[in-house]
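# Coordinate inspection notes
Chain residues, written in single-letter form:
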Amino acid sequence: MLLRGGEERPLIPKYFDLLVFLIERRHEAVHRRDIFERVWNDVIVSDSALSQAIRTIRRTLGDDPREPRFIRTVSRHGYRFVCADVVEESDDDASAAVDAVSRSNTGGGNAIDPFEPLLQRVTGVAHGAEQEEEQREAAELLHALGTAEALRRLDRRQGHALGRALLRDARWDTANAGAVPILGEPSAAAVARALVGLRLRRAGRLVAARWAGASIGGGLAGIGAGAIGGVMLSLAPGSAAPIDVAAVLAVIGGACGALGGAGVGAGLSAAEAIARSRRALALVCGGAVGGGVAGAIAQLVGQWSLAALVGLRVPLGGTLDGVVIGAAAGLAYAVATPGAEGGMAAPRGRRRWDVALMVAAACGLSALGLSAAGRPLVGGTVHLIAQASQGAEVTLAPLARLIGEPDFGPATRALIGSGEAAMFGLGLALGLTRRP
C-alpha cells in the first residue's frame, strides 16, 4: 500500500510495481530497458506507457519533474528514485501505519470547480503529441475526481465523443476509476472511432513491428512447407517432377504465407492494440478480417494471373479459407496469452513456443475442417492447376499414393492442407510474438 499522512494513495498494480522497483534500485539510475524487463516482462508496451506511468506516480506523490524530490529523469537512460529518507521496516512494524489508513477521502469545500478546466482540455482538439499527453493526464484527473460526475457533465458539451474516448482509454491506468460505457450512450460510433484512433496512434510503431514480424514468419513457414513438399514430390515413386519443383513450390508457399501472415498479423496486432476489454472476441474478429482480406487478394490475383497468362480458369479458394484460419489463429492466440493486460503479449522462451504450438494446432484443425468441406488450400490448388494444364508434371498424385490413395483424394487433401496451415500458424505466432 502507498500511504500519505495515514491516507491511502491508490495506484494500479503495474505502477505500484514500478515504484517499488525504483525504490529497491534507488542507489542507481535504472535503465528503461530494465524497467520494461521487470514491470512489463510479459507484454510489449510503447515508450509512452512508461512515461505515462512515471507521470502518474509523480502526481500521486506530489512530485515536480522540474525539481524532483522522489523520481528524477536521467536523460537517454531511465529514472532514479532520489529521496534519501527511506526507512525499511518489517511487516509487523508497518502494521500500525496500515491500520491508520483513512476510510474517507472527502475534503473541505472549495469554491473553484475542479472539473471545468479538465473538461475543457479533454474536449478540445490536440495539436501534437504533447497536447495529447496533457489530455490524457486531464482524463486521469477526472477519474480521480469522480468518473460518474465527469461523464454526466461531459455529455452536455461539444466534443464529448473525444472526451468520453479519453476517459475510456485512461480508466485502465487509473486506480479506482469507474466504468465508461460506449454502447447505448450518445454518439457511440463517434466515441468508438475516437478511441480506436487514440490507441492506434499510441501503439502505432508496435503494431507495425508485429505486423512485419507476422508477415516474415508466415513467409518463412510457407517457404519451408513448399520446399519440403517439393522434395517429397520429386522423390516419390512414379513422380515425374524434377527436384527444381522444390524451389518453385517454396516460392509459391513463401508468397502465400507472407500475404496470409501480413493479413492475419495486421488484424491481430490492431485488435490487440485497440481492445482492452473483450480481448478474445476482438482477436478472433481481427484475425478473421485480416485473413479474409489476404485470402481475397490471393484469390483475385491468382484467378486473374492464370486467365491472363495461360488462359486457365480454375476455381480458386481464398476468402473463406482466410476467414476460418485467421479466426482460429486469433482464438488460439487469445487463449494462449490470457494475461496480456495493458500491452501486446510477448511470451518468452518455452512459453513462446507453447503459444506458437497452440496457434499451429488451431490453424491445422481449421484447415482439416476446410479440407473435409472440399477446400483445396495451397497444395490442393497447385494440384488443380497442374491437372488443368497440358503436360504438367507437378500433380500431387504421387504423394497420394505414398499414403495409400490411388489419386489426390480427401485423405491427401486433408493431410497436406492441415500440414501447411499448421506450419503457417507456427511461423505466424513466432513472428508475431518476437520482441523488437
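Here the residue index of a chain counts from 1 through its sequence in written order. Given that the model is predicted, a residue must reach a pLDDT of at least 70 before its local features are reported, and side-chain atom pairs must reach 80 or more before they are shown or counted; all residues, however, enter totals for whole chains, interfaces and linings. Each side-chain value is worked out from all heavy atoms of the structure, with water and hydrogens disregarded.

## Regarding the overall build of the protein
Formally: Secondary structure elements follow DSSP: runs of H or I no shorter than four residues count as helices, runs of E no shorter than two count as strands, and numbering proceeds from the N terminus. For the exposure calls, accessible area comes from a 1.4 Å probe over protein chains only, and a residue counts as buried if that area is under 20% of its type's maximum, exposed if over 50%, partly exposed in between. Whether two residues are in contact is decided by their heavy atoms, any of which lying within 4.5 Å being enough. Per-residue and other accessible areas were derived by the Shrake-Rupley procedure at a 1.4 Å probe size, with only the shown protein chains allowed to occlude residues.
Regarding its fold elements, the protein presents 16 helices and seven strands. Overall size of the protein, expressed as C-alpha extent along the three principal axes, is 90 × 50 × 35 Å. A total of 436 residues make up the protein; the buried ones form 45% of that total. If you take every contact in the protein between residues at least 6 apart in sequence, the share linking residues at least 24 apart comes to 69%. When the accessible area of the protein is evaluated, it comes to approximately 21,700 Å², of which 60% is carbon and sulfur surface.

## Focus: the packing of helix α6 (residues 129-154) against helix α7 (residues 160-170)
So the rule is basically this: For every element, the axis is a line fit to its C-alpha atoms; helices are fit only across the contacting stretch, and the angle between N-to-C directions ranges from 0 to 180 degrees. Angle categories are assigned with fixed cut-offs, so that under 35 degrees is roughly parallel, over 145 is roughly antiparallel, 65 to 115 is roughly perpendicular, and the rest are oblique. Handedness of each helix crossing follows the sense of rotation of the near helix against the far helix: counterclockwise by less than a right angle gives left-handed, clockwise gives right-handed. Polarity classes work like this: nonpolar for Ala, Val, Leu, Ile, Met, Phe, Trp, Tyr, Cys and Pro, charged for Asp, Glu, Lys and Arg, and polar for all others, with Gly in that last group.
The contact between α6 and α7 brings their axes to 9 Å, and the two run at 110 degrees. Considering the angle they form, α6 stands roughly perpendicular to α7. In this structure, the crossing between α6 and α7 has a hand that is left-handed. Contact with α6, carried on its side by Gln-135, Arg-136, Ala-139, Glu-140, Leu-142, His-143, Ala-150, Leu-151 and Leu-154, involves His-160, Leu-162, Gly-163, Arg-164, Leu-166, Leu-167, Asp-169 and Ala-170 of α7 and no other residues of that element. For the contact of α6 with α7, the per-class residue count stands at nine nonpolar, four polar and four charged.

## Structural notes on the pairing of strand β6 (residues 78-81)
Inclusion rule: Two strands make a pair as long as DSSP finds a minimum of two bridges between them.
Where strand β3 (residues 30-31) and β6 come together, two bridges link them in antiparallel fashion. Counted as the bridge partner of His-31 is Gly-78 from β6. With four bridges joining them, strand β5 (residues 71-74) and β6 adopt antiparallel strand pairing. Note on β6: the bridge partner recorded for Arg-72 is Arg-80. What sits between the antiparallel neighbours β5 and β6 is a turn of three residues, in which Arg-76 has the positive phi angle 60 degrees.

## Notes on the packing of aromatic side chains
Rules: Side-chain rings of Phe, Tyr and Trp (the six-membered ring for Trp) are treated as a pair once their centres are within 6.5 Å; stacked means planes under 30 degrees apart, edge-to-face means over 60, and tilted covers the remaining angles. By definition, being over a ring means that NZ of Lys or CZ of Arg is both within 6 Å of the ring centre and within 35 degrees of the ring normal.
Scanning the entire structure with this criterion turns up two aromatic pairs. Between Phe-36 and Trp-40 the ring centres are 5.9 Å apart and the planes differ by 50 degrees, which places this aromatic pair in the tilted class. Assessed through its relative accessible area of 16%, Phe-36 is described here as buried. On the basis of relative accessibility, which here comes to 4%, the residue Trp-40 falls in the buried class. An angle of 45 degrees between the planes, with centres 6.2 Å apart, marks the rings of Phe-70 and Phe-81 as tilted. A residue pair is termed long-range when its members are at least 10 positions apart, and Phe-70 in the loop between α3 (47-61) and β5 and Phe-81 in strand β6 qualify at eleven residues. Residue Phe-70 shares its accessibility class with Phe-81, and that shared class is buried. Seen from the ring of Trp-172, Arg-171 lies directly overhead, with NZ or CZ sitting 4.6 Å from the centre.

## A closer look at empty space enclosed by the protein
Remark: the empty space left among the atoms is shown by a probe the size of a water molecule rolled over them. Using the following cut-off: With a 1 Å grid spanning the protein atoms alone, the term cavity applies to any set of points in which a 1.4 Å probe fits but cannot get out, the term pocket to an open set with protein on both sides within 12 Å along at least five of seven lines, and the term lining residue to any residue with an atom within 4 Å of a point. Grid points are joined across faces, edges and corners, and a volume is the space filled by probe spheres set on the points.
Across all of its chains, the model carries two cavities of 30 Å³ or more by this definition. Of the pockets and cavities examined, the largest cavity occupies roughly 60 Å³. As for the largest cavity, its lining consists of Glu-132, Glu-133, Arg-136, Leu-166, Asp-169, Leu-198 and Arg-202. Residue assignment for the lining of the largest cavity shows that the elements contributing at least two residues are α6, α7 and α8 (188-202). Its residues placed into classes, the lining of the largest cavity shows two nonpolar, no polar and five charged.

## Some points on the nonpolar core
Quick note on the threshold: We call a set of buried residues a nonpolar core when its members are Ala, Val, Leu, Ile, Met, Phe, Trp, Tyr or Cys and they connect through side-chain atoms within 4.5 Å of each other.
Among the nonpolar cores identified, the biggest contains 29 residues, and Ile-325, Tyr-333 and Val-359 are the most heavily contacted of them. Going through the elements one at a time, α10 (245-274), α11 (279-309), α12 (319-336), α13 (349-372) and α16 (410-432) are the ones with two or more residues in this core. Residues contacting Tyr-333, with those up to four places away along its chain left out, are Arg-210, Glu-272, Arg-279, Leu-283, Ala-345, Val-355, Val-359, Leu-432 and Thr-433. Of all hydrophobic cores here, the second largest spans 26 residues; its members include Ile-12, Ile-35, Val-43 and Ile-57.

Function-wise, these values are silent; they only describe arrangement.
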